[in-house]
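Structural overview for review
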Amino acid sequence: MKNYLLKIVVTFLLASCICCTNANAQGIEFFTGTFTEAIAEAEKTNKHVFVDAYTTWCGPCINMAKNVFTQESVGFFYNQQFVNVKLDMEKGEGIAFAQKYGVNRFPSYLYFDGKGELIHRSMGSKKAQPFIADGSNAINDETSLAGMQARFNEGECTNEFLKNYAYTLMYAGENGQIIADQYINTIKEEEITTDENLKFITTFADDINSSAFKHLIKNKDAAIKVLGAQRIEATIERAAYSAIIEPAKNKDKAALRQVQNDLIDMDKVNGSKLATAVGIEFFKATGNYSEYAKEVSEYLGKYEVKEPSTLNNYAWSFYENIDNKKLLKQAVGWTEQSIAMEDKYYNNDTLAALYAKLGKKSLAIATAKKAITLAESEGMVATETIKMLEDLQK
């Protein structure tokens, strides 16, 4: 009986300790006044100001508020160092704040000194320790964005500093390309292929005219060994497609050709394929579907495409925008290739639509029925396909 009572007492004490620990644990305490009042409070208490710039519809913002701001270690650091403020960028004073400080990505984190000067910023969903590191960097003149900008303006340009400054700009949502290229251009050729530098050039290879992009193309095989083919190919394609955004807006075919020639010159192995791919997107974006059809036909006739969704997307685009029966028959062939790779609702729906547009009613009906059955097995809604089938059967 004594042992039993002892167990009860110990269990009660342990439970009490746990309850006390949970009761004392807290996350970030947010200031309830205005931003101006927060600055005044920070100056009075010799602290900095942290602003969580969020929107109500932003998933990562909700995640940070629920799972990171509430952590004891986060609260311990931020409550000691900052007057913490939450501002909805679409309501109240948040609207003017967003305009003044150029907040257009969410969540964004802005850090101010006690006089209201912006000294650092960061953004995005992250775990507790990187988020605490953001705050730690903000209050250190050696690592804050404002501090690094001052050091750069004063002429500091060591390799390590340039590399860190480029990353700091990027994490702040600012363009670090010029600084990144400056770093790349100062290191020795044999240093480019270290794992650390390959990761760096891949991170900053957003512009096909940048040193980072050119070195990534030149050292593509080495980069793939470190970071994998998927990431490297995606980085190269993203930069290439970004290069035609302005030419497409202006319908500048000469500028497109310049981008294509640059890609071919930089990459003797895959540049021609990529140049054709960006041409396809250019003509689609400009609504020039005769050129678009020509480029797609050339691309799929010349290069092997292993992604069934890519073949289907081209076929569907033909269905939506092209009336030439010869070209539509080509699209049927691409869709059949897609289905041979992956027999799914999405590509059978495309094939049924193409058959219908070509006037092949019986084939369209049979394929639409198959597509609807596949949709049911895949747990998808086939509303448009059902409507197409009803129209075909009238």
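First, a word on what this report is: a plain description of the structure on this page. (Residues numbered from 1 in each chain as written. Predicted model: local features only at pLDDT ≥ 70, side-chain atom pairs only at ≥ 80, totals over all residues. Heavy atoms only, no water.)

1. Topic: the overall build of the protein
Looking only at helices and strands, one finds 22 helices and four strands in the protein. Along the three orthogonal principal directions, the C-alpha set of the protein runs to about 80 × 70 × 50 Å. The buried share of the protein, taken over its 394 residues, is 42%. Taking as baseline every contact in the protein between residues at least 6 positions apart, the subset at least 24 positions apart corresponds to 60%. Summed over all atoms, the accessible surface of the protein reaches about 21,400 Å², with 52% contributed by carbon and sulfur. (Helix = DSSP H or I, 4+ residues; strand = E, 2+ residues; numbered from the N terminus. Buried < 20%, exposed > 50% of the residue type's maximum accessible area, 1.4 Å probe, protein only. Contact = heavy atoms within 4.5 Å. Areas by Shrake-Rupley, 256 points an atom, 1.4 Å probe, with all protein chains shown as cover.)

2. Describing the pairing of strand β1 (residues 48–54)
In terms of burial, β1 is a largely internal element, five of the seven residues being buried. As judged from the seven bridges shared by β1 and strand β2 (residues 82–88), these two strands associate in the parallel manner. In the strand pairing of β2, Asp52 is matched with Lys86. Of the strand pairs in this sheet, β1 and strand β3 (residues 108–112) are connected by five bridges, and their pairing is antiparallel. For Val49, the partnering residue across the bridge sits in β3 and is Phe112. (Pairing = 2+ DSSP bridges.)

3. Looking at the environment of Phe97
The topology assignment puts Phe97 in helix α5 (residues 93–101). Counting along the chain gives 185 residues from Phe97 to Phe282, while the straight-line C-alpha distance between them is 37 Å. Sequence-distant contacts of Phe97, defined by excluding residues within four places in its chain, comprise Phe35, Val51, Leu87, Met89, Val103, Leu110 and Phe112.

4. Here's the deal with the state of the cysteines
In protein structure, a disulfide is the covalent linkage between the sulfur atoms of two cysteines. Scanning the model with the defined rule gives one disulfide in all. The partner cysteine of Cys58 in its disulfide is Cys61, sulfur to sulfur 2.4 Å. The chirality of the disulfide connecting Cys58 with Cys61 is right-handed, given an S-S dihedral of about 85°. Neither Cys58 nor Cys61 differs from the other in exposure class; each is buried. (Disulfide = S-S within 2.5 Å.)

5. Concerning unusual backbone geometry
Trans peptide bonds make up the majority, and among non-glycine residues the majority have a negative phi. The omega torsion of the bond from Phe106 to Pro107 falls at -5°, within 30 degrees of zero and hence cis. Along the chain, Pro107 turns up in the loop between α5 and β3. Unlike most non-glycine residues, Asn46 shows phi in positive territory, near 60°. Non-glycine residue Lys251 carries a positive phi angle of around 50°. Mapped onto the elements, Lys251 comes out in the loop between α14 (245–249) and α15 (253–266).

6. As for the sheet that holds β2
Within a sheet, neighbouring strands are paired by backbone hydrogen bonds and run either parallel or antiparallel to one another. With respect to topology, four strands assemble into an open sheet ordered β2-β1-β3-β4, the strand pairing being mixed. Two strands close off the open sheet at either side, each with one partner strand: β2 and β4 (118–123). For this sheet, the mean inter-axis angle between neighbouring strands, taken without regard to orientation, is 20°. Helix α6 (residues 128–138) rests against β1, β2, β3 and β4 of the sheet, and its axis sits at about 30° to β3. (Axes fitted to C-alpha atoms, helices over the stretch in contact; angles between N-to-C directions.)

7. So, the pattern of salt bridges
In the structure shown here, the tally under the stated rule is 15 salt bridges. In this structure, Glu291 and Lys253 form a salt bridge, with 3.8 Å as the shortest nitrogen-oxygen distance. Remark: Lys253 occurs in helix α15 and Glu291 occurs in helix α17 (residues 289–302); sequence separation between them is 38 residues. Lys394 is the salt-bridge partner of Asp391, the closest N and O atoms lying 3.3 Å from each other. (Salt bridge = Lys/Arg side-chain N within 4 Å of Asp/Glu carboxyl O.)

8. Some details on helix α2 (residues 35–45)
What α2 keeps buried is the set Phe35, Ala38, Ile39 and Ala42. Each buried residue of α2 lies within a common arc of 100° when the element is viewed along its axis, so the set occupies one face. Residues of α2 that are exposed and angled more than 90 degrees away from the buried face: Thr36 and Lys44. Immediately beyond the C-terminal end of α2, within one or two residues, lies Asn46, with a positive phi of roughly 60°. (Arc of directions from axis to C-beta.)

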